[in-house]
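# Topology and contacts: notes
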Amino acid sequence: MKRLSALCLAFVALSLQAQTLKTFKVNITPDGQANMVAYLPENPSGRAVVDCPGGGYTHLATQHEGHDWATYFNKQGIAFFVLTYRMPGGDRSIPMGDAQNAIRMVRDSAAAWHINPEDVGIMGFSAGGHLASTVSTHSEYDCRPNFSILFYPVISMNERESHKGSCQNFLGKEGQKNEQLVKLFSNQNAVVRHLTPPAVIITANDDGVVPPVTNAIAYYSAMRRMGNDCALYVYPTGGHGFGFRSTWAYHDQMLNDLTTWLNLHKAPKRDAVRVACIGNSITDGHGIDMSGMRGYPSQLQRLLGENYVVKNYGRSARTMLQKGDNPYMKERAWRDALAFKPNVVVIKLGTNDSKPENWKYGKEFEQDLRTMLSELKKVSNPRILLCTPVPAYKPSWNINDSVIVNEIIPIINKVAKKERLEVIDLHTLFQNNDGKQMQADGIHPTEQGDAQMARAVADAIVASKGHR
C-alpha cells in the first residue's frame, strides 16, 4: 500500500467509475499500518470479498493480486476490499488478527455499505492464500468468511513441502521446530466437516514456488474427505503469481470459471428462516459420502426450499451428557450453532449417551438437556424441536437401544412437556423394512434413511410456521 500513492488511487477510482460507486481507505489498526481500500459497486448484490495479497509474509503484491481485481468484482455488484495486513515476523497472530478484524469490520458496516453479512468471502494469493485459509479454518463464527477463493495458496507450514520463506516468516524459525504447531497451521489438517466454508482453489500445474500437490491439492483433498463444498482448477501452465495478469494464457478461462463458481454459490435469502440441526454422527452424516450434499440436513434444505436456510451442526460421537466421553456442548459446532442465532433448532442427541460408560451419568441427562435449551433461548429464543433417537438395530459401539427406549426417550418427553416443546418421535417413525435405510452397523441411516428423517423433520417444521 505504501507504493500506491493518493494520485494512483484517484486514477484507479476514475477508471472504475462506470462500475464503482465509491473508493476509500479504512484503518484496521489505529496507526493505519493495517488497512483496507474499499471498492463499493454502483449496483450492490450484497456480496463482499476481502482480498489478502501474497508476498511470502514479507511484503504485499497489492496490484495484480489486489487492486487490479476491483473492476471484475464491482461489475458483478460485489464489494471488494484490498487488505494491507501487517507482516508476522514469526508472530502469526498479527496477520491473523488483521484479516479477522477486516471480516468483522465488513460485517459490522454491512448496512452502511449495502452488504449481506452472511455473504462475506475472503480471497488470498500465495502466502495470502495461507492467511485466507487460516482465517477460514481457525476462526470463530463472527470472523469466519462465508466462502474462500484461494489462488496458488501456501497451505502447508512444512518448509520441506511448501514455500520455505512463508513458513519461517509465519511461524518463526523456532516455530518451525515445533511439529505440533507446523501441523496445526498446515491448514489441510484444520478443515472441519460442515463448518469450513466452501472454497474454490485456482493454481497452475507448473507452479515451482508453492508445490500444488502438497498445498492447493492437499486442501482440496481434505475438503473432499470431509464432504465439504470445494472446487479445484489446475491450469496446465502459469507458474506462480499470475494473479490478474491478462498476459497469462488462461486468464479469460480462469475468470469465466471463477464467475461461474460465484454465481452458483448464492447466499441465502436475507429473511430466510434459520434452521440449526444439532446432533451426533447421525446428524453429521457418518458413512454417507458428501454428506454435506446428501445427509439429512441437506435433504431437509431441499424439502423446505429457499425460504429456509438449514445448517448442519452435527458432530460424530457426541453426547448430551456433559460428563460423557465427547460432550456436544464443548464443541465448536455448538458455539457456531449459538452464533448462527437460529429461528428453529432441531436437537437429535442421546444415542451415544446410551453407552454404559456414558449412561453411568444418566441422572444428569435431564439437567444437561435443560442447560442446552436455556443457552439456546438466551441467544435467539428459537422454536425448538426435540427428536428421539432413531432405533439402534445393533449394539455397535456399546449403544444400547433398551436404554434409549426405557430411559432416554422418557426424559426427552418429560422435558418437552414441561418446556412446552415439540417432539419428533423418530424412534417410532423410522422404518428399515427392506434393510436399505440403515448402514451395516445398525446405527447410522443410509442416504435413503436420511430421507425419512428429513421428511419427518420438514413435516414438523411446516406444520406450524410460528417462529419465535
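To be clear, the structure that these remarks concern was listed above.
Just so you know, these numbers come straight off a predicted model, no measurement behind them.

## Concerning the overall build of the protein chain
Along its length, the protein chain carries 18 helices and 13 strands. On C-alpha atoms alone, the protein chain measures out to a radius of gyration of 24 Å, which is about the 23 Å that the 2.2 N^0.38 rule sets for 468 residues. Dimensions of the protein chain, computed from the C-alpha atoms along their principal axes, are close to 75 × 45 × 45 Å. Here the protein chain holds 468 residues, and 59% of them are scored as buried. Sequence separation of at least 24 residues holds for 76% of the intrachain contacts in the protein chain that already meet a minimum separation of 6. When the accessible surface of the protein chain is totalled, it reaches about 19,200 Å², and 50% of it is carbon and sulfur. Charge-centre separation for the protein chain: the mean point of 51 positive side chains lies 3 Å from the mean point of 44 negative side chains.

## Overview of the pattern of salt bridges
Summed over the entire model, instances satisfying the criterion amount to 20 salt bridges. Between K377 and E419 there is a salt bridge, with its nearest N and O atoms 2.7 Å apart. Separated by 42 residues along the polypeptide, K377 in helix α15 (residues 365-379) and E419 in helix α16 (residues 401-419) bring together distant segments of the chain. Using a relative accessible area of 27% as the deciding quantity, one classes E419 as partly exposed. Look at the salt bridges and you will find they share partners, linking E366, R370, K377, K414 and E419 into a network.

## Topic: the packing of aromatic side chains
Considering all chains together, one arrives at 26 aromatic pairs under this definition. An angle of 15° between the planes, with centres 3.8 Å apart, marks the rings of F242 and W248 as stacked. Its relative accessible area of 4% is what places F242 among the buried residues. The side chain of R47 reaches across the aromatic face of F147, ending 4.9 Å from its centre.

## Observations concerning the sheet that holds strand β9 (residues 273-279)
As summarised here, the arrangement of the 5 strands in space is β10-β9-β11-β12-β13, forming an open sheet in which the pairing is parallel. The open sheet is flanked by β10 (308-314) and β13 (422-424), the only strands paired with a single partner. Looking at each pair of strands side by side, their axes are set apart by 20° on average, direction ignored. Bridge count between strand β12 (residues 383-387) and β13: 3 bridges; the pairing is parallel. Bridging from a neighbouring strand, L386 pairs with V423 of β13.

## Here's the deal with the environment of K22
The residue K22 is located in strand β1 (residues 20-27) in this model. Sequence separation between K22 and L349 is 327 residues; the distance between their C-alpha atoms is 49 Å.

## Looking at the packing of helix α3 (residues 93-108) against helix α5 (residues 127-138)
Axis angle and axis distance: for two packed helices, these are the angle between their axes and the distance between the axes, and together they describe the pair. Between α3 and α5, the shortest axis-to-axis distance is 10 Å and the interhelical angle comes to 70°. Judged on the interaxial angle alone, α5 and α3 are roughly perpendicular. In contact with P95, M96, A99 and Q100 of α3, α5 contributes L131, T134, V135 and H138. Looking at the contact of α3 with α5, its residues break down into 5 nonpolar, 3 polar and no charged.

## Thoughts on the nonpolar core
In this structure, F81, L83, V106 and I115 are the most contacted members of the largest nonpolar core, which totals 50 residues. Counting residues per element, this core draws most heavily on α3, at 5 residues. If we ignore the near neighbours within four places in the chain, the residues touching F81 are M36, V37, A38, L40, A48, V49, V50, D51, V106, W113 and I115. Counting residues in hydrophobic clusters, the runner-up holds 40 residues, among them Y313, L338, I404 and V415.

## A word on the sheet that holds strand β8 (residues 230-235)
Within the open sheet, the 8 strands sit side by side as β1-β2-β4-β3-β5-β6-β7-β8. Their pairing is mixed. With partners counted over all chains shown, the strands left at the sheet margins are β1 and β8, one partner each. Between one strand and the next, the sheet's axes are offset by a mean angle of 15°, whatever the strand orientation. One ladder, built from 7 bridges, connects β1 with strand β2 (residues 35-41); its direction is antiparallel. Considered in β2, the bridge of F24 is made with A38. Taken strand by strand, α3 contacts β1, β2, β3 (48-52), β4 (79-84) and β5 (120-125), and its axis lies near 150° from that of β5. Lying on the sheet, helix α9 (residues 251-263) is in contact with β6 (147-151), β7 (199-204) and β8; it crosses β6 at an angle near 165°.

Criteria and thresholds
- Residues numbered from 1 in each chain as written.
- Predicted model: local features only at pLDDT ≥ 70, side-chain atom pairs only at ≥ 80, totals over all residues.
- Heavy atoms only, no water.
- Helix = DSSP H or I, 4+ residues; strand = E, 2+ residues; numbered from the N terminus.
- Rg over C-alpha atoms; globule rule 2.2 N^0.38 Å.
- Buried < 20%, exposed > 50% of the residue type's maximum accessible area, 1.4 Å probe, protein only.
- Contact = heavy atoms within 4.5 Å.
- Areas by Shrake-Rupley, 256 points an atom, 1.4 Å probe, with all protein chains shown as cover.
- Lys, Arg positive; Asp, Glu negative; His and termini not counted.
- Charge placed at Lys NZ, Arg CZ, Asp CG, Glu CD.
- Salt bridge = Lys/Arg side-chain N within 4 Å of Asp/Glu carboxyl O.
- Phe/Tyr/Trp six-rings, centres within 6.5 Å; stacked < 30°, edge-to-face > 60°.
- Lys NZ or Arg CZ within 6 Å of the ring centre and 35° of its normal.
- Pairing = 2+ DSSP bridges.
- Axes fitted to C-alpha atoms, helices over the stretch in contact; angles between N-to-C directions.
- Parallel < 35°, antiparallel > 145°, perpendicular 65-115°, else oblique.
- Nonpolar A, V, L, I, M, F, W, Y, C, P; charged D, E, K, R; others polar.
- Core = buried A, V, L, I, M, F, W, Y, C linked by side-chain atoms within 4.5 Å.

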